[in-house]
Amino acid sequence: MASCSDDYTDWANPQSSAQEPAITIPGFSSSYVGDASYVVDLSASESDSVKLFSLAVPALPEGYSVENVRAELLDGNQSKQVLNGDVNGRVATAELQDAVVTSYGKRPTARPFTVHIYANATKNGEAVFVDARSFEAKVSPSAPYRIDDGYYFQYGDNNTAEFTHSSADVYDDPVFTVTVKTTEDNATWQIVSNAATNDVGLYFGPEKDGSTELSGKLVSENAGKGVLGKAGHYRITINMWERTYAIEALNFAPYIYEIGNNTSWSSTIPLAGVNYDGTYRGFAYLNGEFKFKPNPADNWTGDWEKASGDAYSGTLTENGSSNIDAPETGFYMMDVNIVSMTYNLTRINTIGLIGDATSGGWDTDTEMTYDVSEGCWTVTTSLVDGKFKFRANKGWDINWGGSTDNLTSGGSDISVSAGNYTIKLYLSCEGMNHCTMTKN
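Basis of the calculations
- Residues numbered from 1 in each chain as written.
- Predicted model: local features only at pLDDT ≥ 70, side-chain atom pairs only at ≥ 80, totals over all residues.
- Heavy atoms only, no water.
- Helix = DSSP H or I, 4+ residues; strand = E, 2+ residues; numbered from the N terminus.
- Rg over C-alpha atoms; globule rule 2.2 N^0.38 Å.
- Buried < 20%, exposed > 50% of the residue type's maximum accessible area, 1.4 Å probe, protein only.
- Lys, Arg positive; Asp, Glu negative; His and termini not counted.
- Charge placed at Lys NZ, Arg CZ, Asp CG, Glu CD.
- pLDDT = per-residue confidence, 0-100.
- Contact = heavy atoms within 4.5 Å.
- Salt bridge = Lys/Arg side-chain N within 4 Å of Asp/Glu carboxyl O.
- Phe/Tyr/Trp six-rings, centres within 6.5 Å; stacked < 30°, edge-to-face > 60°.
- Pairing = 2+ DSSP bridges.
- Core = buried A, V, L, I, M, F, W, Y, C linked by side-chain atoms within 4.5 Å.

Examining the overall build of the chain
Counting secondary structure elements, the chain contains one helix and 36 strands. Taken against the 2.2 N^0.38 rule, which gives 22 Å for 440 residues, the C-alpha radius of gyration of the chain at 32 Å runs more than 25% over that of a compact globule. Dimensions of the chain, computed from the C-alpha atoms along their principal axes, are close to 100 × 55 × 50 Å. Across the 440 residues in the chain, those meeting the buried criterion constitute 43%. Averaging the coordinates of the 29 positive side-chain charges in the chain and doing the same for the 56 negative ones gives two points 3 Å apart.

With respect to the confidence of the model for the chain
As a note on interpretation, predicted positions should not be read in detail where pLDDT is low. Of the residues in the chain, 94% reach a pLDDT of 70 or more, and the chain-wide mean stands at 92. Segment residues 1-6: pLDDT under 50, and 13 contacts once partners within four positions in sequence are set aside and those in other chains are kept.

Examining the pattern of salt bridges
Scanning the entire structure with this criterion turns up 13 salt bridges. Across the salt bridge formed by D365 and R391, the nearest N and O atoms sit 2.7 Å from each other. With D365 in the loop between β27 (351-354) and β28 (366-367) and R391 in strand β31 (residues 386-392), the pair connects residues that are 26 residues apart, well separated along the chain. D365 sits in the buried class, given a relative accessible area of 14%. Assessed through its relative accessible area of 7%, R391 is described here as buried. Put simply, R107, D149 and D169 are held in one network by salt bridges that share partners.

Focus: the packing of aromatic side chains
Scanning all chains against the criterion turns up 21 aromatic pairs. Residues Y104 and F113 carry aromatic rings whose centres are separated by 5.4 Å and whose planes lie at 80° to one another, so their mutual orientation is edge-to-face. Relative accessible area serves as the criterion here: at 22%, Y104 is assigned to the partly exposed category. Classification of F113 as buried rests on a relative accessible area of 2%. Seen in terms of ring centroids, F153 and W189 are 5.7 Å apart; in terms of plane orientation they differ by 25°. Their pairing is stacked.

Overview of the sheet that holds strand β2 (residues 40-41)
Strand order in the open sheet formed by five strands is β2-β9-β8-β5-β6, and the pairing between neighbours is mixed. In this open sheet, the two strands that pair with only one neighbour each are β2 and β6 (80-84). Both strand β5 (residues 65-74) and β6 contribute to a ladder of five bridges, which runs antiparallel. The residue of β6 that forms the bridge with E72 is V82.

Notes on the nonpolar core
Among soluble globular proteins, nonpolar side chains are generally buried collectively. In this structure, L52, L96, V115 and I117 are the most contacted members of the largest nonpolar core, which totals 30 residues. The element best represented in this core is strand β9 (residues 126-140), accounting for six residues. Not counting chain neighbours up to four residues away, the residues in contact with V115 comprise L52, A71, E72, L73, R133, S134, F135 and A137.

Here it is as structure tokens:
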């Protein structure tokens with residue numbers, strides 16, 4: 001190999017204190033392990049290390065050896081990570097996995113890096129810091145399984161419910177949940193991917209057909225059918241990174257009720273527990289003291305009163321003696337948790353229409369007025385062909401969409417044709433919220 005002394009001649013006085021800037025040496029260079037299309041696929045690696053680059057080293061003066069090889073990885077956001085390497089161009093598989101996940105997440109797809117290789121030419125504990133140049137690389141992180149964007153829970157007699165998921169990438173958050181109600185004992189179940197076709201049945205189930213276990217591993221090859229016990233409400237949680245499932249029987253009622261001065265202490269306002277986890281939400285116009293109860297009938301057994309707090313938040317006690325204090329008269333969102341025995345009120349100061357069908361577009365609300373006698377929010381306004389939603393307090397934390405006869409929290413945009421409308425919005429709880437639109 002060619003001598004490097006023509007470019008670097010200070011071999012007799014190598015770096016021995018603070019590290020000096022790296023120098024380049026003819027013939028001392030690195031290159032990517034493959035061509036421009038090659039991807040280092042960590043899922044295919046079965047060893048503790050993986051080859052990322054090749055290192056060409058020229059003949060060094062007697063006594064010198066190459067040590068402390070490291071790879072600086074620069075991702076698309078210009079964030080840098082440093083990995084230890086060796087003269088064979090290998091880096092630890094786990095460290096490269098951590099680097100690509102830190103930069104891009106866990107999804108197993110080719111991710112670009114600019115890789116700069118540095119090394120030390122060392123003799124007797126003293127070193128020359130060498131720049132072995134940079135190259136472009138592509139790395140795909142390892143994932144134990146393929147994870148699809150959505151899944152369905154199939155149960156009983158041809159019933160299907162879609163799992164919900166966060167807004168994160170499914171590889172970074174592989175947990176999906178769904179709540180179902182079975183109407184028959186011993187309903188069978190399986191899980192199916194939304195990528196399933198007639199040709200590829202991506203079905204998952206327990207390892208043993210007919211299993212009644214409430215948790216365990218999911219398999220796709222020879223997937224069995226699980227069996228739910230008694231008819232009722234269940235929450236199913238799956239982790240598709242680990243391929244596991246957990247089933248929880250839920251014993252909470254679907255509704256609790258508010259009663260108070262606003263209902264003349266006779267009728268009730270429902271709060272819905274859509275997750276069957278003891279949390280409930282409803283909406284009501286409050287104008288005095290109130291409390292909560294487990295049933296709508298004229299039965300006060302098990303009602304919940306204030307234990308501590310004020311009109312807007314506090315703790316509850318069962319069969320107590322104190323009503324919750326009267327808040328400032330107005331329209332409120334009521335949140336109750338009968339597990340932690342707490343309540344919280346959020347004042348709804350405004351509700352408006354917003355969307356490209358309205359005069360304010362998606363920037364400005366067309367405000368509604370609350371009609372106490374009718375128990376609804378109302379407005380008469382002209383709309384154009386387009387879409388709109390309802391939202392509270394001129395923000396998106398509380399909004400409704402979907403179909404006019406069943407408005408849901410965070411629901412889809414509502415399509416409308418041009419015209420002048422009188423719109424009335426009736427809010428009580430999820431599953432009962434609706435509006436009417438009368439064309440004038």
